Amino acid sequence: MAATRPVTIAITGAGGQIGYALAFRIAAGDLLGPETRVRLRLLEIPQGVRAAEGTALELEDGAFPLLEAVDVTTDAERGFDGVEHALLVGAKPRGPGMTRADLLGDNAAIFVAQGAALNAAADDAVRITVVGNPANTNALIASAHAPDIPASRFSALTRLDHNRGLAQLANAVDARVDELDGFAVWGNHSASMFPDVSRTTARGDRVTGILGARLGGPDGVREWLVDTFIPRVANRGAEIIEARGSSSAASAANATIDHVRDWSLGSTGTTSAAVRSDGAYGIPAGVFASFPVHAIDGEWVVQEGFEPDAFARDRIDASAAELVAERDAVRALGLL
Ligand code: NAD
Ligand code: LMR
């Protein structure tokens, strides 16, 4: 639903590469639609603030009709004052050879402080999207430090993994991405994630059937999933770091836009987001795990009706166990 009043949106890490890509998409109306005016708060640390100020100058030069105001700040409570959306991007990215969990030591403290600042300053209706890695566990940390904000208002980005899976699958079955439905990514935004095609359809037909006809039946499909599709999606972030020399930026910003737009305006069909588990599908309650979801009336709703077989169960359990281990590591650091 388009708002007639301006909506205030904070982007943390606005001087970084994802923040730069995000700000212009939001100013152009890609997030909340062509009728909703926006006010941007660009939050940075002192080392990044000049870059964010530069972004603010360029935003002004864009003469975006929907952009009402841009404020740059290093003060989190000021940055989050009255915000309805907070996009928590600001965090260190990984380099070649690192896992995202290696970032916990550096990044976890950021989300302690930002959870507390959101709790103190954000609008009652705030929705918080965590992008900075390790995104799932950072969402857990921020939520734990914002006791007055319902945990359902926090989610972490696995839409990029979802989009990556959709694109690979569309190629494999000669369909357009918007002809696919029922695809979902489970678990952690890490190499353990499980991209699940079991309920995916292309133009109404099961993709497992389409692939089976091309790959010699169910065994051929299983082999393709294990050897090609799952590792390609799960390791795409590392593939991009190898190719670009830095981590994904425009595709990450695009996925963030998709995630927040669906959350606010409603989704069509199944998508993926990391939300706080209530124990659904056997994923331990409390961790932020990626589920098949849709968005209704501004809430993520975990989709019912998936029936993970033994193959899926093993992978979902392994990714959930990794999330539990990350939670325990954060507890050991005294941050939960
Ligand atoms: P970047 O280094 O280009 O930018 C990060 C920015 O955050 C920097 O300008 C830095 O000054 C700022 N920053 C650091 N601490 C901050 C704080 N406390 N408050 C405000 N700003 C702060 O990195 P990037 O490429 O934009 O990536 C940002 C994060 O997003 C990384 O952790 C990266 O791994 C993650 N990421 C996640 C996904 C996903 O799908 N979840 C995808 C891509 C990247
Ligand atoms: C991605 O998936 O591209 C990001 O999480 C960046 C990374 O570290 O892989």
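Model, not experiment: these values are computed from the prediction.

On a plain count of helices and strands, the protein comes out with eleven helices and 14 strands. Whereas a compact globule of 336 residues would reach a radius of gyration of roughly 20 Å, the protein reaches 19 Å, a difference of no more than 12%. Scored against the burial criterion, the 336 residues of the protein give a buried share of 54%. Considering only contacts within the protein whose residues lie at least 6 apart along the sequence, 73% involve residues at least 24 apart. Just so you have it, the protein exposes about 13,900 Å², and 50% of that area is on carbon and sulfur atoms. Distance between charge centroids for the protein: 2 Å, based on 29 positive and 43 negative side chains.

Lining the immediate environment of ligand 1, one finds 25 residues, of which Gln17, Glu44, Lys92, Val131 and Asn133 sit closest. Gln17 has a polar side-chain atom sitting 2.8 Å from an oxygen atom of ligand 1. Within the contact set of ligand 1, an oxygen atom lies 3.3 Å away from a side-chain nitrogen or oxygen of His189. Looking at the shell around ligand 1, the elements that each hand over two or more residues are α1 (17-27) and α4 (104-121).

For the rest of this paragraph, the subject is helix α5 (residues 135-144). Burial of α5 is extensive: nine of the ten residues sit out of reach of the surface. Where α5 is concerned, the buried positions are Ala135, Asn136, Thr137, Asn138, Ala139, Leu140, Ile141, Ala142 and Ser143. Each element contacted by the buried residues of α5 is listed here: α4, β5 (127-130), β6 (154-156), β12 (271-276), β13 (288-296) and α11 (310-332).

The subject of this paragraph is the nonpolar core. Among the nonpolar cores identified, the biggest contains 41 residues, and Leu169, Leu180, Trp186, Leu225, Phe229, Ile283 and Phe291 are the most heavily contacted of them. When residues of this core are traced back to their parent elements, those giving at least two are α6 (159-172), β8 (184-186), α7 (207-215), α8 (218-234), β12, β13 and α11. When residues in this core are grouped by element, the largest group, seven residues, is from α8. Sequence-distant contacts of Leu225, defined by excluding residues within four places in its chain, comprise Val197, Ile230, Pro231 and Phe311.

Now for the side chain of Arg164. The topology assignment puts Arg164 in helix α6. You can call Arg164 buried: its relative accessible area is 9%.

On to the UniProt feature "domain: Lactate/malate dehydrogenase N-terminal" (unreviewed entry) in the protein, then. Those residues carrying the UniProt feature "domain: Lactate/malate dehydrogenase N-terminal" (unreviewed entry) are residues 8-149 in this numbering. The straight-line gap between the two end C-alpha atoms of residues 8-149 is 17 Å; of that span, 40% is helix and 18% is strand.

Lining the immediate surroundings of ligand 2 are Arg94, Arg100, Asn133, Leu160, Arg164, His189, Gly237, Ile241, Ser247 and Ser248. Arg94 has a polar side-chain atom sitting 2.5 Å from an oxygen atom of ligand 2. Between an oxygen atom of ligand 2 and a side-chain N or O atom of Ser248, the distance comes to 2.7 Å. For ligand 2, the accessible surface in isolation is 260 Å², of which the surrounding protein chains cover 94%. Counting residues per element, the ones that place at least two in the shell around ligand 2 are α6 and α9 (236-244). The residues that make up the shell around ligand 2 include at least three from each of domain 1 (7-156) and domain 2 (159-328).

This paragraph deals with the packing of α7 against α8. Two numbers describe how α7 lies on α8: the axes approach to 7 Å, and their chain directions differ by 105°. In terms of axis orientation, α7 runs roughly perpendicular to α8. In this structure, α7 contributes Thr208, Leu211, Gly212 and Leu215 to the contact, and α8 contributes Gly220, Val221 and Trp224. Its residues placed into classes, the contact of α7 with α8 shows four nonpolar, three polar and no charged.

About the cut-offs
- Residues numbered from 1 in each chain as written.
- Chains lettered and ligands numbered in written order.
- Predicted model: local features only at pLDDT ≥ 70, side-chain atom pairs only at ≥ 80, totals over all residues.
- Heavy atoms only, no water.
- Helix = DSSP H or I, 4+ residues; strand = E, 2+ residues; numbered from the N terminus.
- Rg over C-alpha atoms; globule rule 2.2 N^0.38 Å.
- Buried < 20%, exposed > 50% of the residue type's maximum accessible area, 1.4 Å probe, protein only.
- Contact = heavy atoms within 4.5 Å.
- Areas by Shrake-Rupley, 256 points an atom, 1.4 Å probe, with all protein chains shown as cover.
- Lys, Arg positive; Asp, Glu negative; His and termini not counted.
- Charge placed at Lys NZ, Arg CZ, Asp CG, Glu CD.
- Near = heavy atom within 4 Å.
- Polar contact = N/O pair within 3.5 Å; in protein donor to acceptor, adjacent residues only side chain to side chain.
- Core = buried A, V, L, I, M, F, W, Y, C linked by side-chain atoms within 4.5 Å.
- UniProt positions renumbered as here; feature names shortened; annotations may be inferred.
- Domains from an automatic or database assignment.
- Axes fitted to C-alpha atoms, helices over the stretch in contact; angles between N-to-C directions.
- Parallel < 35°, antiparallel > 145°, perpendicular 65-115°, else oblique.
- Nonpolar A, V, L, I, M, F, W, Y, C, P; charged D, E, K, R; others polar.

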